Amino acid sequence: MNADDETLLAELLEGKHRALARTISKIENRAPGYRELISELYTHTGEAEVIGITGSPGAGKSTLVDKLAETYRERGETVGVIAIDPSSPFTGGAVLGDRIRMASTVGDMDVFVRSMSARGTLGGLSTATADAVKAMDAFGKDKIIIETVGAGQNEIDIVRTADTVAVLVPPGSGDDVQTLKAGILEIADVFVVNKADRPGSDRTVQELREMIELDSGGGFGGGGHHGPDAGGDGGGSAVAAQDDPEERATWTTPIVETVATDGTGVDDFIDELAAHREYLVDSGARAEKARQRSAEEIRTLLREDVHAMLEEELERAGGIDDLADAVAAGETDPYTVADEVLSPVEDCLDELETRDP
C-alpha cells in the first residue's frame, strides 16, 4: 500500500469523515490500490450492526430510514447510510444522487449518508456495497443502514450483506402480498407496514400474519432461521421470545406498523431490530452469517478476477468481435472458441497441481 493510502487509512480509523468519503469513492471507482486498502480494513470490522431496508417502490423506505437514523442519534449512536440508487445508463452513477428525503439529520456529522449506484447488478446491490459497509464499520459507525432500490424479487441480494433485513409492505397490498410470498417477502427478519395511517393497513397486517402462521412448519427466508414457534399477535413475539432460552433457537418474524412521516412506531421497529440482533448472537446465527458472507465474497472476487483474466485472453485471441465474425462465417463455433480461450488457463492450473508442495 502506498503512502497516500496509508495516510487515508489512518485518517479513516481516526474518525475523519472526509477520509471515509474518499475511501468509499476509491472503492466504488475500483481505483488502483483499493484492494490493499480493503484488506487492511478487515481487522477493524465486525462491531457494527448492518440493517437492510427493502421493499417495493413507494413504500416509504427513504423516509423511514431518515427517521430511523434520527432516532438512533437521539439514543447516542452513530449511523452510516448507504442508499442504493438506480444506475444512470450513461455514466453508471447513481440517478437519484443525494437523498433529499433524508432531511432530518442534515448537518449531523455522526450520520453519514452515501448514495451508491446499483450499476446494473441484479438485486440492486453493486459489488462495492459490501466493501463500503466495511469502510463504515472500520470507521466506527454503530449502525449501518442499507436502503435498496426496491426492484422486486432480485432484492434478495441484501441477505448476503445485512445482518437483519426489514421488508416494507405498503398498506392495501391485498393480493400482492400473496404474489410476493415466494420472493422478496421471504427474506424478511422484520415486516414493516409503513404508512399505517392509510386505509388497508389492518388488512395488510392480517395478510402478513396469516402468511407467518401458514409458514409455521418451515420458516421464512434469510437462511431459514425463522422458526416454528410463531407468536399469536405477530407484532411482539420476537421481543418476548428473549425471555425463554428455548425460544432463542427460532425467530418469529414480527410485524411492525409505522408512520415514518411523524415517527410513529419507529421505536417499536428499533426494538425488534435489537431483538433480532440478540437472537443472532445468542443462537450463533450471527457467526454463521458472517462465515457465509465471507464465502460469498470469495466467490464474487474469484468470478470478477477470472472474468477479467478471460477478457484479456479474448483480446489476445483477436478480440470478441473477430471471434464472433469467425463463428458467423462458419469457420468455428462458440464451444470451440471457449475451449481455446480457456486452454491456457487450464494449462496453468494443471501446472500448479503438479508442482511439489
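Right, let's walk through the structure included here. Think of each chain on its own: its residues are numbered from 1, step by step along the sequence as written. With the structure being a predicted model, the display of local features is reserved for residues of pLDDT at least 70 and the display and counting of side-chain atom pairs for 80 or more, all residues being used for whole-chain, interface and lining totals. To obtain the side-chain values, all non-hydrogen atoms of the structure were included, while hydrogens and water were left out.

With that out of the way, let us pick up the overall build of the protein. Segments assigned H or I by DSSP are reported as helices when at least four residues long, segments assigned E as strands when at least two residues long, and all are numbered from the N terminus. Along its length, the protein carries twelve helices and seven strands. The buried share of the protein, reckoned over its 357 residues, is 45%. The long-range share in the protein, meaning contacts at least 24 apart out of those at least 6 apart in sequence, stands at 74%. Here the protein has roughly 17,500 Å² of accessible surface; of this, 50% comes from carbon and sulfur atoms. For each residue, the accessible area found with a 1.4 Å probe, counting protein chains only, is set against the maximum for its type, and the residue is called buried under 20%, exposed over 50%, and partly exposed in between. Contact criterion: two residues are considered in contact whenever any of their non-hydrogen atoms come within 4.5 Å of each other. Only the protein chains shown count as cover for residues, and all accessible areas are computed by the Shrake-Rupley method using a 1.4 Å probe.

This part is about the sheet that holds strand E4 (residues 143-147). Strands pair, by our definition, only if DSSP identifies at least two bridges between them. Pairing in this open sheet of seven strands is parallel, and the strands run E3-E2-E4-E1-E5-E6-E7 from one edge to the other. Across the chains shown, the open sheet's two edge strands, defined by having one partner strand only, are strand E3 (111-117) and strand E7 (255-257). On average, adjacent strands in this sheet sit at an angle of 20° to one another, irrespective of strand direction. Here strand E5 (residues 164-168) runs beside strand E6 (residues 190-193); their pairing, made up of three bridges, is parallel. Bridged to Ala166 within E6 is Val190. Across the sheet, helix H7 (residues 201-214) lies against E6 and E7, angled at about 170° from E7, the strand it touches most. Helix axes are fitted to C-alpha atoms over the stretch in contact, other axes to C-alpha atoms as well, and angles between N-to-C directions run from 0 to 180 degrees.

Take the number of residues in a helix, subtract one, and multiply by 1.5 Å to get its expected span. For helix H10 (residues 285-316), built from 32 residues, the straight-helix expectation of 46 Å at 1.5 Å per residue is met to within 8% by its first-to-last C-alpha distance of 47 Å. Buried within H10 we find Ala285, Lys289, Arg293, Glu296, Glu297, Thr300, Glu313 and Leu314. On its buried face, H10 is in contact with helix H5 (128-139), helix H9 (266-283), helix H11 (320-328) and helix H12 (334-354). Looking one or two residues beyond H10, the residue adopting positive phi is Gly318, at roughly 115°.

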